[in-house]
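Report on the structure
For reference, the chains in residue letters:
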Amino acid sequence: PEWAGRVLGPSPRERLMEEPQYVPFTHAEASLGSYEVAVIALISTWYGPAQLAARQLLAAAPPLGVQVFFVDADAEAKKLHQLGIWSSPALLFFARGVQLTVQRPETDDANKYVGSISMNELDSLLNQTRDACSTGQTVIHAGAHK
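This write-up is about the structure you can find in this document. (Residues numbered from 1 in each chain as written. Predicted model: local features only at pLDDT ≥ 70, side-chain atom pairs only at ≥ 80, totals over all residues. Heavy atoms only, no water.)

**Considering the overall build of the protein chain**
Secondary structure assignment for the protein chain yields 6 helices and 7 strands. Going from the N terminus to the C terminus, the protein chain shows its helices and strands as α-α-α-β-α-β-α-β-β-β-β-α-β. Looking at the 146 residues of the protein chain, the share that counts as buried comes to 40%. Within the protein chain, residue pairs in contact and separated by at least 24 positions form 74% of the contacts whose partners lie at least 6 positions apart. Put simply, the protein chain shows about 8000 Å² of open surface, and 53% of that area lies on carbon and sulfur atoms. (Helix = DSSP H or I, 4+ residues; strand = E, 2+ residues; numbered from the N terminus. Buried < 20%, exposed > 50% of the residue type's maximum accessible area, 1.4 Å probe, protein only. Contact = heavy atoms within 4.5 Å. Areas by Shrake-Rupley, 256 points an atom, 1.4 Å probe, with all protein chains shown as cover.)

**Focus: the packing of aromatic side chains**
Applying the stated criterion to the full structure yields 3 aromatic pairs. Their ring planes at 70 degrees and their centres at 5.7 Å tell us that Tyr-35 and Phe-69 sit as a pair that is edge-to-face. Linking Tyr-35 in the loop between helix H3 (25–31) and strand E1 (37–43) with Phe-69 in strand E2 (residues 67–72), this pair joins segments that are 34 residues apart in sequence. Judged by its relative accessible area of 33%, Tyr-35 is partly exposed. On the basis of relative accessible area, Phe-69 is assigned to the buried category, the value being 5%. Ring geometry for Trp-46 and Tyr-47: centres 5.5 Å apart, planes at 55 degrees, overall tilted. Of the residues examined, Tyr-47 reaches a relative accessible area of 33% and is grouped as partly exposed. Between the NZ or CZ atom of Arg-104 and the centre of the ring of Tyr-113, over which it lies, the distance is 4.0 Å. (Phe/Tyr/Trp six-rings, centres within 6.5 Å; stacked < 30°, edge-to-face > 60°. Lys NZ or Arg CZ within 6 Å of the ring centre and 35° of its normal.)

Structure, rendered in C-alpha cells:
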C-alpha cells in the first residue's frame, strides 16, 4: 500500500539505491562510543566494488541496528595509510566502541575486512558484531573469498 513506505521505512531494495553520506574519519572515530554496534566503511567513491559495498551496508545495517560511518578513503588516504589500510572497501567493526578482530581462513587475523563482500557474508559479520555486545567476544569470523 501507499502508506507502507512511510510507516515501515525504505525496503532493502530501495536502500540499495541510496547514496551514502560521508564523514571525516575523526568524526567517525569520535562517535563510536555513542553506539552499541558500529562499522566504519572506508570507501573509494570512484571504485565500483567499493560503491557496491557501501550500498550493501545501507541495505543490511539499519534493520540490525548497526550504525555505519562512511569515510571517503581517498580524502582520508594519509590517515588510512597510517592505520595500514591500503585498499577499499575496508570495513572496521566495533562493539561498544571496541574494534573487533576479523579472522579469515586465507589470511592473518586483521582489524578490518578488505575487499568485495557478499550480502550473506556481510549479514554474518554484522550479526556477529551485534552478538559481541552481549558475549564480550572480540573476534568475528569471515569466510574465504570465493
